[in-house]
Amino acid sequence: MTATSTTTGGASATGNTGTVAITGNAVAVNPVLRVAPASPAAAAAYFGASLAFHADVSDVAAALAADGGPGFVVLDSRSTESWDQGHVPGAIHLPTALIPEQAEQLLDKAVPVVTYCWGPGCNGATRAALALAELGFQVKEMLGGFEYWAREGFEFETWEGHERRAADPLTAPAGVEDCGC
């Protein structure tokens, strides 16, 4: 990969490390290309693996809505108080701390599990997925968690019943089913 060179009142250089601007004795490297992109083969391996470990909210919702069942179960790894505030309809509630003692009674190892927690700022779903994988379950993590489930306008259940909020136009396109991703 060769980046476009840029000069800022001095000489310039290009190479695998990205754009470098040399001004006097100072060297400024483009922060995006400070570390060169991976090779296409390494990128394909990484992104392929990422998809093996993750599912997004809209894909989970589409699979749950499809006829014939999704082929996986959804697991909410949050506290009871969080579960009561709202959860994915049909999800199994199993807080992460209880997975070692209860997972094998509640889940079938032949059925993949998709874990979620609050949202992107919480790693509870990651910890739950790790605990399940260590017990021999096939597992994926739902990116975005409950926050993005609600923000994308999908119906959820609370201790009071079913709710649905309007989709946030920053997370889902308005008025269409598919974002085109």
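Use the structure listed above.
Residues numbered from 1 in each chain as written. Predicted model: local features only at pLDDT ≥ 70, side-chain atom pairs only at ≥ 80, totals over all residues. Heavy atoms only, no water.

Draft legend 1. Just the pattern of salt bridges, in detail. Counted under the stated rule, the structure contains four salt bridges. Here arginine 78 ties to aspartate 76 by a salt bridge, and the two come within 2.6 Å at their closest N and O atoms. Residue classification places aspartate 76 among the buried residues on the basis of a relative accessible area of 0%. For the salt bridge of glutamate 147 with arginine 151, the shortest nitrogen-to-oxygen distance reads 3.2 Å. You can see glutamate 147 and its partner arginine 151 sitting in helix α6 (residues 145-151), four residues apart, about one turn around the helix. You can call arginine 151 partly exposed: its relative accessible area is 24%. Three or more residues are tied together by salt bridges with common partners; here these are Glu147, Arg151 and Asp168. (Salt bridge = Lys/Arg side-chain N within 4 Å of Asp/Glu carboxyl O. Buried < 20%, exposed > 50% of the residue type's maximum accessible area, 1.4 Å probe, protein only. Helix = DSSP H or I, 4+ residues; strand = E, 2+ residues; numbered from the N terminus.)

Draft legend 2. Representation of helix α2 (residues 57-65) in the model. Taken as a whole, α2 has its buried residues at Val57, Val60, Ala61 and Ala63. Down the axis of α2, the buried set is contained in an arc of 165 degrees. They therefore lie on one face. Where the residues of α2 are buried, they touch β4 (54-56), β5 (73-76), β7 (113-116), β8 (139-143) and α6. (Arc of directions from axis to C-beta. Contact = heavy atoms within 4.5 Å.)

Draft legend 3. Broad picture of the pairing of β5. Across four bridges, the pairing between β5 and β7 is parallel. What sits directly across from aspartate 76, in β7, is tyrosine 116. The pairing of β5 with strand β6 (residues 92-93) spans two bridges and is classified as parallel. By the bridge assignment, aspartate 76 is partnered in β6 with histidine 93. One crossover worth recording links β5 to the parallel β6 by way of helix α3 (residues 80-85), and it is right-handed. (Pairing = 2+ DSSP bridges. Right-handed = clockwise from strand over helix to strand, strands pointing away.)

Draft legend 4. Just the pairing of β7, in detail. The two faces of β7 match: Val113 and Thr115 on one face and Val114 and Tyr116 on the other face are all buried. Where β7 and β8 come together, three bridges link them in parallel fashion. Counterpart to threonine 115 in the pairing with β8 is glutamate 141. For the crossover that starts at β7, traverses helix α5 (residues 124-134) and ends in the parallel β8, the hand is right-handed.

Draft legend 5. Seen up close, the packing of aromatic side chains. Scanning the entire structure with this criterion turns up four aromatic pairs. Measuring from centroid to centroid gives 5.1 Å for tryptophan 149 and phenylalanine 154, while their planes differ by 45 degrees, and the two rings are tilted. Judged by its relative accessible area of 22%, phenylalanine 154 falls in the partly exposed class. The structure contains a cluster of three or more aromatic residues connected by ring pairs, namely Trp118, Phe146 and Phe156. When the ring centre of phenylalanine 137 is taken as reference, the NZ or CZ atom of lysine 109 above it lies at 5.6 Å. (Phe/Tyr/Trp six-rings, centres within 6.5 Å; stacked < 30°, edge-to-face > 60°. Lys NZ or Arg CZ within 6 Å of the ring centre and 35° of its normal.)

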